[in-house]
Amino acid sequence: MPEHIFELPDPFPLESGAVLAGAHVAYRTWGQLNAARDNAVWVCHALTANADVLDWWPGLFGPGCFFDPTDWFIVCANVLGSCYGSTSPLSPDPATGRPRYQEFPLLTIRDLAGAHEALRQELGLDRIHTLIGGSLGGQQALEWAVAQPEVFDHLVVIATNARHSAWGIAFNEAQRLAIEADPTYHANEPGGGDEGLRAARAIALLSYRSYAAYAATQTEADDDPRLRDYRASTYQRYQGDKLVARFDAYSYVALGRAMDTHHLGRHRGGVPAALAAVRARTLVLGITSDVLFPVDEQRELAQGIAGALYTELDSGFGHDGFLLETVQIAQRLERFYAPALAQ
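So, how was this worked out
- Residues numbered from 1 in each chain as written.
- Predicted model: local features only at pLDDT ≥ 70, side-chain atom pairs only at ≥ 80, totals over all residues.
- Heavy atoms only, no water.
- Domains from an automatic or database assignment.
- Contact = heavy atoms within 4.5 Å.
- Buried area = accessible area lost by both parts, 1.4 Å probe.
- Salt bridge = Lys/Arg side-chain N within 4 Å of Asp/Glu carboxyl O.
- Polar contact = N/O pair within 3.5 Å; in protein donor to acceptor, adjacent residues only side chain to side chain.
- Helix = DSSP H or I, 4+ residues; strand = E, 2+ residues; numbered from the N terminus.
- Buried < 20%, exposed > 50% of the residue type's maximum accessible area, 1.4 Å probe, protein only.
- UniProt positions renumbered as here; feature names shortened; annotations may be inferred.
- 1 Å grid on protein atoms, 1.4 Å probe; cavity = no way out; pocket = protein on both sides within 12 Å on 5 of 7 lines; lining within 4 Å.
- Core = buried A, V, L, I, M, F, W, Y, C linked by side-chain atoms within 4.5 Å.
- Pairing = 2+ DSSP bridges.
- Axes fitted to C-alpha atoms, helices over the stretch in contact; angles between N-to-C directions.

## What about the domain arrangement of the protein?
Logical step 1: Along its sequence, the protein is organised into domain 1 (4–165 + 263–337) and domain 2 (168–257).
Logical step 2: At the junction of the two partners, domain 1 supplies 28 residues and domain 2 supplies 27 residues.
Logical step 3: Carbon and sulfur atoms supply 60% of the area that domain 1 and domain 2 bury against each other, a total of about 2300 Å² over both sides.
Logical step 4: Our count for the contact surface shared by domain 1 and domain 2 stands at 1 salt bridge.
Logical step 5: Among the salt bridges present, the one from aspartate 320 reaches arginine 209, with a minimum N-O distance of 2.9 Å.
Logical step 6: Viewed at the interface, domain 2 and domain 1 are joined by 11 residue pairs in polar contact (both at pLDDT 80 or more).

## Focus: unusual backbone geometry
Logical step 1: Cis geometry marks the peptide bond from aspartate 10 to proline 11, where omega comes out at 0°.
Logical step 2: Following the sequence through the fold, proline 11 ends up in the loop between strand S1 (4–7) and strand S2 (12–13).
Logical step 3: Here the phi dihedral of arginine 37 falls at roughly 55°; this positive angle occurs in a residue that is not glycine.
Logical step 4: Tracing the chain through its elements places arginine 37 in the loop between strand S4 (24–30) and strand S5 (40–44).
Logical step 5: Despite not being glycine, tyrosine 101 shows a phi value in the positive range, around 50°.
Logical step 6: Its place among the elements puts tyrosine 101 in the loop between strand S6 (73–77) and helix H2 (109–123).
Logical step 7: For tyrosine 101, a relative accessible area of 6% gives the class buried.

## Here's the deal with the UniProt feature "active site" (unreviewed entry) in the protein
Logical step 1: Per the UniProt entry, the sites bearing "active site" (unreviewed entry) are Ser135, Asp290 and His319 in this numbering. Considering the C-alpha atoms alone, the annotated residues occupy 185 residues of sequence yet fold into one spot, their largest mutual distance being 10.8 Å. Annotated residues from the preceding list that form part of the lining of the largest pocket: these are Ser135 and His319.
Logical step 2: On the secondary structure map, aspartate 290 appears in the loop between strand S9 (281–287) and helix H10 (295–304).
Logical step 3: If near-sequence neighbours (up to four positions away) are discounted, aspartate 290 is found in contact with Ala159, Gly318 and His319.

## Points about the nonpolar core
Logical step 1: Counting residues in each nonpolar core, the largest one holds 75 residues, and the members touching the most others are Leu8, Trp42, Leu80, Leu131, Leu155 and Tyr252.
Logical step 2: The element best represented in this core is helix H8 (residues 249–260), accounting for 8 residues.
Logical step 3: Not counting chain neighbours up to four residues away, the residues in contact with leucine 8 comprise Ala23, His24, Val25, Leu80, Ala115 and Ala118.
Logical step 4: The next biggest cluster of nonpolar side chains, apart from the first, holds 29 residues, and it includes Val41, Phe61, Ile158 and Phe336.

## Details of the environment of proline 69
Logical step 1: On the secondary structure map, proline 69 appears in the loop between helix H1 (53–56) and S6.
Logical step 2: Taking C-alpha positions, proline 69 is 34 Å from tyrosine 238, a pair spaced 169 residues apart along the chain.
Logical step 3: The residues contacting proline 69, other than those within four sequence positions of it, are Trp30, Gly31, Gln32, Leu54, Gly62, Pro63 and Ile74.

## A word on the sheet that holds strand S8 (residues 152–158)
Logical step 1: Read from one edge to the other, the open sheet built from 8 strands follows the order S1-S4-S6-S5-S7-S8-S9-S10, with strand pairing classed as mixed. Looking along the sheet, the strands with just one partner apiece sit at the ends: S1 and strand S10 (309–313). When the angles between neighbouring strand axes are averaged without regard to direction, this sheet yields 20°.
Logical step 2: Two elements, S1 and S4, share 4 bridges in a ladder whose sense is antiparallel. Considered in S4, the bridge of histidine 4 is made with tyrosine 27.
Logical step 3: Strand contacts of H2: S1, S4, S5, S6 and strand S7 (128–134), with the helix running at about 155° to S5, the strand carrying the most contacts.

Written out as structure tokens, the structure reads:
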């Protein structure tokens with residue numbers, strides 16, 4: 001489906017008190033609203049994904065999948081700060097005509113959700129049947145469901161949390177240190193920080209996967225004679241190269257900082273009070289091997305949201321299981337929706 005551009009209110013106010021001038025978001029839709037206008041599904045994407053959910057979440061979204069555009073009106077918007085069509089550090093500043101690079105204002109998860117809300121109103125969607133997201137996408141979904149509890153009938157969050165942990169912030173800071181150690185990042189030019197971004201991605205992968213996943217896929221055979229360039233080494237480099245080919249360091253830093261700000265309880269009387277505001281029927285999914293968002297964080301969500309259902313995906317893929325375990329996710333969704341379908 002073609003990508004659309006929505007111009008946000010100008011200037012767009014940010015939680016920090018700053019404003020973002022000339023801001024827009026890129027988004028895509030699939031399917032059609034039914035006569036009752038009650039079949040909308042909104043997807044919030046994770047750190048380096050984009051608005052094309054049929055591309056990055058195959059098996060869950062697409063023809064013949066659980067969320068089939070024949071049955072659902074699917075919306076996915078690229079987050080502010082991302083380099084996939086929405087306003088980002090590489091977008092021209094209307095005041096100067098030049099990209100903002102490191103001067104791009106701080107975004108928070110609350111700001112990302114605010115942009116989604118503005119787009120929802122523009123699209124005339126009074127209600128959303130299901131709001132779904134994993135990781136950073138789950139943080140956005142939670143923030144939005146707390147801020148606008150009357151809009152969502154169902155909420156599905158996977159491998160996410162109510163507040164970004166000190167552990168998660170430390171991983172993000174380690175990645176920023178790698179990027180900032182690249183002298184080209186400070187040149188504020190296209191391609192700046194690419195070598196640092198390559199290293200940052202290698203760091204991130206250690207939090208996205210698991211010991212078992214690396215052991216199963218990146219271990220040499222017993223009779224392998226090599227003394228360097230191990231499979232695990234080349235895999236880290238390969239994944240770093242892949243990200244550099246499709247993303248930029250300035251957007252990566254901006255979105256990592258946004259993730260660090262995630263705290264549902266900020267100015268709301270704490271996390272328990274914020275979670276109590278959610279009115280959507282909620283499914284919370286944890287991943288048994290996730291070291292970045294351990295299952296205790298998802299259990300906290302389920303305990304704090306009235307009537308929430310909690311279950312775990314038994315996976316050796318670590319945090320990336322939210323993208324890869326689509327069969328298990330679909331099975332959990334079928335059971336989650338079953339009571340409503342039976343009515």
